[in-house]
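# Coordinates in review
Letter by letter, the chains look like this.
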Amino acid sequence: MNPAPETNEHAESLRDEGGSALRLLRVALSRARRALFWERLWPLLAAIAVAAGLFLAASWAGLWLMLPPLGRIAGLVLFALILIASFVPAIRLRIPNVGEGLRRLDRGSGLEHRPATAITDTRATGTGDPVADALWRAHRDRTAEAARKLRAGWPRPHLAVLDPFALRALVLLAVIATFFMAEGERRSRIIAAFDWRGVVAPKLYRVDAWVTPPAYTGRAPVLLPGIRHDAPAPGETAAISVPAGSEVVVRTNGLDAVSLAVKGDLAEQESEAPRIAADGSTERHFKIGGDGTLAVNGLPAGAVTWSFRAIPDRAPSIAFARDPQVMGRAMLSLAYKVEDDYGVVSAEARFSDPQVKRREGAPEPRPLIGAPEFPLSLPQARTRTGSGESSKDLTEHPWAGVKATVTLAARDEGGNEGLSDAREIVLPQRSFTKPLARALIEQRRLLAFDANARRDVRRALLALMIAPEKFTPEPTVYLGLRTATTRLELARNDDELRGVVDYLWEIAVLIEDGTMSDAERELRAAQDALRQALERGASEEEIRKLTEQLRQALDKFMQALAEQLRRDGTTDARPLDRNTQVVRPQDLKSMLDRIENLARSGSRDAARRMLDELQAMLENLSRSRQAGRQQQGEMDSALDELSRMIQEQQRLRDRTYREGRESRNERRSRGPEQGRSEREQRAFGDLQRNQEGLRQQLERLLEQLRRQQQSGEESGEAGDQAGEALGRAEQAMRDAEGSLGEGNADGAVDGQGRALQNLRRGAQSMAEAMQGGPGDGPGEPGGPQAEAAERTDPLGRPVRSREYGDDFTVKVPDEIDVQRARRVLEELRRRFGEPSRPQIELDYIERLLRDF
């Protein structure tokens, strides 16, 4: 590549000399040198192209498909040698120098006396000789004139001399022919030359990946397209929809290192560092928080990209199915509906914003007792959609009787929480009839909501102990008050003050119920334990033990109740209505047996429903006992008076009907054109005065009932219904009175009939009010059984009751249904224990047993 020494001299002379001739010479010289370089390069490129063409033609002709692996290796070696041989001339390849370019110009121009070289000539002698100078100028002028005719000519690589048989054309023809022969398989036929399996063992590797959704979603893992050494990579895959929070696991085997590219909301779990198993595989874990991609690069088979579309986990929804209600004596019942995409796992009722009266000028209150806890039961352990009803006795909590805000909350396993709308309710409280017990409950509430009120509460307790011979004649009650006062004075922290709050409740219950409260407390604790066991799906053995404890607590409660009734002298209580149901101890024990059987057969909802009914019955017994002690003579006299009024109204209606019939007969005999006779006027006047007197008696009775309601002597919905029914009866009497004044017997009979009907309804409602109100449970007037007894035809025969559809009622199976369910359950268990049955049948039976 280094230029010859003469080249340097020519180059120097071209730079030193000036003029247009030299500029023309430099342009022509550049073209000549490029032509010379192409004449030297083109044979080298032709040789390389012929070698590559031979390889392509052989590959597309299917040579490698016909050769075994060793033949393919030998063929590749041969073609590699041919290719290397074609590159050998490149070693001698060099760029033409200036001298070679000038000689190419002299040859290409065809001029005499080598004019291109002459331009670069220099004087051999020095200057100063006029003749020599003139000759030199003449020489320069002639060479400058000749420089305009210099030509480099076209490159002449002389391939025909190097390839006299034109093999290059044959190779080109073979490439074109085989190109069309291998249509659709050109790439695979070329790659086949490098398929040496069987001779050279390939590197075995594989990349597997899968997505594991969170367990609470219940979805199966999703297997992603993987990569193997013997298969091409799948490239970019379609987006896969998976729940948010899913885990992507990438396992590599046979590779030292893999490049993973993460985009979007995917994060490698720091706690899950790459783990290397005994077989050499490596796992990496990624958490899907949102949409993103995960790519595996740098593999021999290519790359793969997985795209993920995250499905967000919605917060559960919970709503009231109906307004909060009070069941039985003072049990709060909440009905609700829940819904979630993957299932609600827990729910509760939250109470807040208690509306309590604050002391004037007092500092900010410091509550001792927080809001009551009210967990809600769910139809299933993980409920996607469904409804439920939960009830709880909150009478012992200091918030009982306080107006507060209740909000339902539901949570799913993903930690999302949904809230319902807020409802304002008054938490049910126990009714205390004795003034001292009521006073203690009031002071207990005051202390529970403000620990700073301890001094005021203590002064109130001391005031209650004034004149113990009058107000607290029982020594146990007085000692209890004294103990509470002392504990309140010596309390050093909030925990001890909370103990005083609980102690005040015990004293109030003791004052109200006496020793009866112990048996009732044990009974309630046994009921709560059994209810919790049913809700959490306890074992049959635990259900049996808790049922036996409840049976013993019930026996103790019934004995204490009988003893209390004997002491009160109220053992002979007459029923107020023919439909009143009598509850015997045998009935309660039978209900307990059925509760246990329902729980054993898997009908936990029905067992829980029947347990609620049993609790309602027992509460009604306690309430009836309290109502019997405080029953007033005024209500008895009102019922007696109302009974007499019903009889009088019936007689008055019969008289009006007879008088109307006689009046019509008289008018037909004397003619319709004449008016009423004197006898008719006198008769209708007497009937009108009698109806007016009966109406005035009813007005006085209504006034008496209103006073009783205002004083709290009559309570509940039944008392309001009695007042409404008697009010309608009073209006019907007014209508009948007006019809009698007009001599309209038919209208008077109609009004008297409506009055008589409403009087009977009012009497029934008053009787229900004395026993605690309708709908308090089975065995009570107004309850489901009494309503069924009231629905009779005119001949006294029972009619079929209507079914009111309700999402929250559970039909309690009878004995036949329970036995049938037990037989089905035993048969399923027997078949599940036979391994010879088909696997699909065993799987189906297992699902049935799990859902039974």
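Residues numbered from 1 in each chain as written. Predicted model: local features only at pLDDT ≥ 70, side-chain atom pairs only at ≥ 80, totals over all residues. Heavy atoms only, no water.

### Section: the overall build of the chain
For the chain, the count of helices and strands is 26 helices and 17 strands. The buried share of the chain, taken over its 852 residues, is 40%. The long-range share in the chain, meaning contacts at least 24 apart out of those at least 6 apart in sequence, stands at 73%. Counting only carbon and sulfur atoms, one obtains 52% of the accessible surface of the chain, whose full area is about 47,400 Å². (Helix = DSSP H or I, 4+ residues; strand = E, 2+ residues; numbered from the N terminus. Buried < 20%, exposed > 50% of the residue type's maximum accessible area, 1.4 Å probe, protein only. Contact = heavy atoms within 4.5 Å. Areas by Shrake-Rupley, 256 points an atom, 1.4 Å probe, with all protein chains shown as cover.)

### Details of the packing of aromatic side chains
Inspection of the entire model under this criterion finds nine aromatic pairs. Measuring from ring centre to ring centre gives 5.9 Å for F55 and W64, while their planes differ by 40°; the resulting arrangement is tilted. Classification of F55 by relative accessible area gives buried; the value is 17%. Overall, W64 belongs to the buried group, its relative accessible area being 0%. Pairing W64 with F79 gives two aromatic rings, centres 6.1 Å apart and planes at 70°, and the pair type is edge-to-face. With W64 in helix α3 (residues 63-66) and F79 in helix α4 (residues 69-87), this residue pair connects regions lying 15 residues apart in the sequence. One aromatic cluster in this structure is built from F55, W64 and F79. Residue placement shows R487 over the ring face of Y503; its charged tip is 5.1 Å from the ring centre. (Phe/Tyr/Trp six-rings, centres within 6.5 Å; stacked < 30°, edge-to-face > 60°. Lys NZ or Arg CZ within 6 Å of the ring centre and 35° of its normal.)

### Overview of the side chain of R444
With respect to the helices and strands, the residue R444 is situated in helix α11 (residues 435-449). Of the side chains with opposite charge, D502 comes closest to the buried, unpaired R444, at an N-O distance of 4.8 Å. Side-chain polar atoms of R444 contact the backbone oxygen of E396, separated by 2.4 Å. Once you skip the residues sitting within four places of it in the chain, R444 turns out to touch E396, H397, P398, V501, L504 and W505. (Lys, Arg positive; Asp, Glu negative; His and termini not counted. Salt bridge = Lys/Arg side-chain N within 4 Å of Asp/Glu carboxyl O. Polar contact = N/O pair within 3.5 Å; in protein donor to acceptor, adjacent residues only side chain to side chain.)

### Examining the packing of helix α14 (residues 475-490) against helix α15 (residues 494-513)
The geometry of α14 relative to α15 is characterised by a closest axis approach of 10 Å and an angle of 170° between their N-to-C directions. Compared by their axis directions, α14 and α15 come out roughly antiparallel. For the pair formed by α14 and α15, the contact residues are V477, G480, L481, T483, A484, R487, L488 and L490 on the first element and E496, L497, G499, V500, Y503, L504, I507 and I511 on the second. Among the residues making up the contact of α14 with α15, the classes are represented as eleven nonpolar, three polar and two charged. (Axes fitted to C-alpha atoms, helices over the stretch in contact; angles between N-to-C directions. Parallel < 35°, antiparallel > 145°, perpendicular 65-115°, else oblique. Nonpolar A, V, L, I, M, F, W, Y, C, P; charged D, E, K, R; others polar.)

### Notes on unusual backbone geometry
One non-glycine residue, D353, adopts positive backbone phi at about 50°. In this fold, D353 is placed in strand β12 (residues 331-355).

### Some points on the pairing of β12
Sheet analysis places strand β10 (residues 317-320) next to β12, joined by four bridges and oriented antiparallel. Within the sheet, the bridge partner assigned to A319 lies in β12 and is K337. In the sheet, strand β11 (residues 325-327) pairs with β12 via three bridges, with the strands oriented antiparallel. Bridge pairing links Q325 to S333 in β12. With ten bridges joining them, β12 and strand β14 (residues 383-393) adopt antiparallel strand pairing. (Pairing = 2+ DSSP bridges.)

### Some words on the environment of Q731
In this structure, Q731 sits in helix α22 (residues 717-741). Separated by 20 residues in the primary sequence, Q731 and G751 place their C-alpha atoms 8.7 Å from one another.

### Notes on the environment of L446
Along the polypeptide, L446 turns up in helix α11. Considered as a pair, L446 and R358 are 88 residues apart in the sequence and their alpha carbons are 8.9 Å apart. Leave out the neighbours within four places in its chain, and L446 touches A453 and V457.

### Quick notes on the pattern of salt bridges
On inspection of all chains with the given rule, the structure shows 34 salt bridges. Here R411 and E348 are joined by a salt bridge, their closest N and O atoms 3.4 Å apart. Residue R411 is found in strand β15 (residues 403-412), and its partner E348 is found in strand β12; the two are separated by 63 residues along the sequence. Residue classification places R411 among the partly exposed residues on the basis of a relative accessible area of 26%. Measuring nitrogen to oxygen at the nearest pair gives 3.8 Å for the salt bridge that ties E662 to R679. Separated by 17 residues along the polypeptide, E662 in helix α20 (residues 633-670) and R679 in helix α21 (residues 678-711) bring together distant segments of the chain. Note on E662: relative accessible area 38%, which makes it partly exposed. Looking at R679, the relative accessible area reads 28%, which means it is partly exposed. A single network of salt bridges, built from pairs that share partners, joins R695, E699, E730, R734 and E737.

### A short note on the environment of D640
Here D640 lies in helix α20. D640 gets classed as partly exposed once you look at its relative accessible area, which sits at 42%. For the pair D640 and A763, spaced 123 residues apart in the sequence, the C-alpha separation amounts to 9.5 Å.

### Re α4
For α4, with 19 residues, the first-to-last C-alpha span of 27 Å sits near the 27 Å given by 1.5 Å per residue. Within the span of α4, buried status applies to G71, R72, G75, L76, F79 and S86. Buried residues along α4 cover an arc of 135° about the axis, so they all sit on one side. Along α4, exposed side chains directed more than 90 degrees from the buried face belong to L70, L81 and I84. (Expected span 1.5 Å × (residues − 1). Arc of directions from axis to C-beta.)

### Brief notes about the side chain of R551
Considering the arrangement of structural elements, one finds R551 in helix α17 (residues 540-568). Given the relative accessible area of 16%, R551 is considered buried. Side-chain polar atoms of R551 contact the side chain of E548, separated by 2.8 Å. Discounting chain neighbours no more than four positions away, the residues touching R551 are L592, D593 and E596.

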